[in-house]
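Descriptive structure summary
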Amino acid sequence: MNASAKPERTRLSAEDWEDAALKLIADQGVGALAVEALARQLGVTKGSFYWHFRTREALLQAALERWEQYGEREVISQIEAMPDPRARLPELFRRVAHEIAPHRVYAALLKALDHPQVVPVMARVSQRRMEFLTNIYREAGLAPDEALNRARLTYAAYVGFLQLNFTLGLPRISHEEFDAYVEHMIKTLTPG
């Protein structure tokens, strides 16, 4: 081997940095997001970061937008495309129940609602999710006021469960108990 040969460098995309930022946010919170720590974790220099982003805040904004778009693209648009409105809620509950990474990011963002970049994203996400749920309930046959109230209850149950689970570490339940809880949610919150 030639002593002057340099090791092959890994080329990271902006998306690689955004994914790493979201994982760090999920694990340690928004405040832990630091360029140097991410570069070390990814095995690259900070120069790689600056190729894609001007500042830490630019990375945070891009990562938050990526997370927001995932929810829109991978969940909402796919559920909306289902032809049977009554099948949408059970599918939504089952799908969302088994996607851990987005929930961990959401729970971390709930703890950072005093951060100026987090607030508008969380407001948009919550508004869009409430509109989505309200529409599902309307299309399933509920009156407008009842659909809105059921959407509020559904979203509050989701956020509350995340807070209990990721913030407080409660409830500690087995996979079987969790699956039973999801089925209970479906039975309770899906119009008959």
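Keep in mind the model is a prediction, meaning the values are calculated, not measured.

Comments concerning the overall build of the protein
- Counting its regular elements, the protein contains nine helices and zero strands.
- Ordered by position in the sequence, the α and β elements of the protein form the string α-α-α-α-α-α-α-α-α.
- Expressed along its principal axes, the backbone C-alpha trace of the protein runs to roughly 70 × 35 × 35 Å.
- Burial status across the protein gives 41% buried among its 192 residues.
- For the protein, the share of sequence-separated contacts (at least 6 apart) that also reach a separation of at least 24 residues comes to 66%.
- On the protein, roughly 11,300 Å² of surface is accessible, and the fraction owed to carbon and sulfur atoms is 55%.
- Treating the 24 positive side-chain charges of the protein as one cloud and the 25 negative ones as another, the clouds have centres 4 Å apart.

Here we look at the nonpolar core
- Core analysis: the largest hydrophobic core is formed by 59 residues, its most contacted members being Trp17, Trp67, Tyr106 and Leu109.
- Among the secondary structure elements, those contributing two or more residues to this core are α1 (14-28), α2 (35-42), α4 (56-80), α5 (85-97), α6 (100-110), α7 (118-139), α8 (144-167) and α9 (175-189).

Observations regarding the UniProt feature "DNA-binding region" (unreviewed entry) in the protein
- UniProt's entry tags residues 34-53 with the feature "DNA-binding region" (unreviewed entry), counted in the numbering of this structure.
- For residues 34-53, the end-to-end C-alpha separation is 13 Å, with 75% helix and 0% strand making up the annotated structure.

Considerations on the domain arrangement of the protein
- Split by domain assignment, the protein resolves into domain 1 (14-68) and domain 2 (73-189).
- Each of domain 1 and domain 2 has a C-alpha centre, and these two points are 26 Å apart.
- The interface is formed by 13 residues belonging to domain 1 together with 15 residues belonging to domain 2.
- Applying the counting rule to domain 1 against domain 2 returns two salt bridges.
- Close ionic contact of Arg124 with Glu68 constitutes a salt bridge, the shortest N to O distance being 2.8 Å.
- Counting across the interface, domain 1 meets domain 2 through five residue pairs in polar contact (both at pLDDT 80 or more).
- The set of elements that each furnish at least two residues to the side of domain 1 that touches domain 2 consists of α1 and α4.
- Sort the elements by how many residues they give to the side of domain 1 that touches domain 2 and α4 lands first, with seven residues.
- Class assignment of the residues belonging to the side of domain 1 that touches domain 2 gives a composition of seven nonpolar, two polar and four charged.

Focus on the environment of Met130
- Structurally, Met130 can be placed in helix α7.
- On a C-alpha basis, the gap between Met130 and Ala151 in space is 6.1 Å, while along the polypeptide they are 21 residues apart.

What to know about a nonpolar patch on the surface
- A surface patch of nonpolar side chains, amounting to about 280 Å² of accessible area, comprises Leu164, Leu168 and Leu170.
- Summarising the element assignment, Leu170 is placed in the loop between α8 and α9.
- Residue Leu170 is classed as partly exposed on the basis of its relative accessible area, which comes to 46%.

Considerations on the layout of surface pockets
- Approximately 790 Å³ is the volume attributed to the largest pocket.
- For the largest pocket, the lining is made up of 34 residues, of which Phe93, Val96, Ala97, His103 and Tyr158 are closest to its centre.
- Sorting elements by how many residues they give to the lining of the largest pocket places α8 first, with eight residues.
- Within the lining of the largest pocket, the residues separate by chemical class into 24 nonpolar, seven polar and three charged.

Quick notes on the rules
- Residues numbered from 1 in each chain as written.
- Predicted model: local features only at pLDDT ≥ 70, side-chain atom pairs only at ≥ 80, totals over all residues.
- Heavy atoms only, no water.
- Helix = DSSP H or I, 4+ residues; strand = E, 2+ residues; numbered from the N terminus.
- Buried < 20%, exposed > 50% of the residue type's maximum accessible area, 1.4 Å probe, protein only.
- Contact = heavy atoms within 4.5 Å.
- Areas by Shrake-Rupley, 256 points an atom, 1.4 Å probe, with all protein chains shown as cover.
- Lys, Arg positive; Asp, Glu negative; His and termini not counted.
- Charge placed at Lys NZ, Arg CZ, Asp CG, Glu CD.
- Core = buried A, V, L, I, M, F, W, Y, C linked by side-chain atoms within 4.5 Å.
- UniProt positions renumbered as here; feature names shortened; annotations may be inferred.
- Domains from an automatic or database assignment.
- Salt bridge = Lys/Arg side-chain N within 4 Å of Asp/Glu carboxyl O.
- Polar contact = N/O pair within 3.5 Å; in protein donor to acceptor, adjacent residues only side chain to side chain.
- Nonpolar A, V, L, I, M, F, W, Y, C, P; charged D, E, K, R; others polar.
- Patch = residues over 30% accessible without salt bridge, like charges linked within 9 Å, V, L, I, M, F, W, Y side chains within 5 Å.
- 1 Å grid on protein atoms, 1.4 Å probe; cavity = no way out; pocket = protein on both sides within 12 Å on 5 of 7 lines; lining within 4 Å.
- Points joined across faces, edges and corners; volume = space filled by probe spheres on them.

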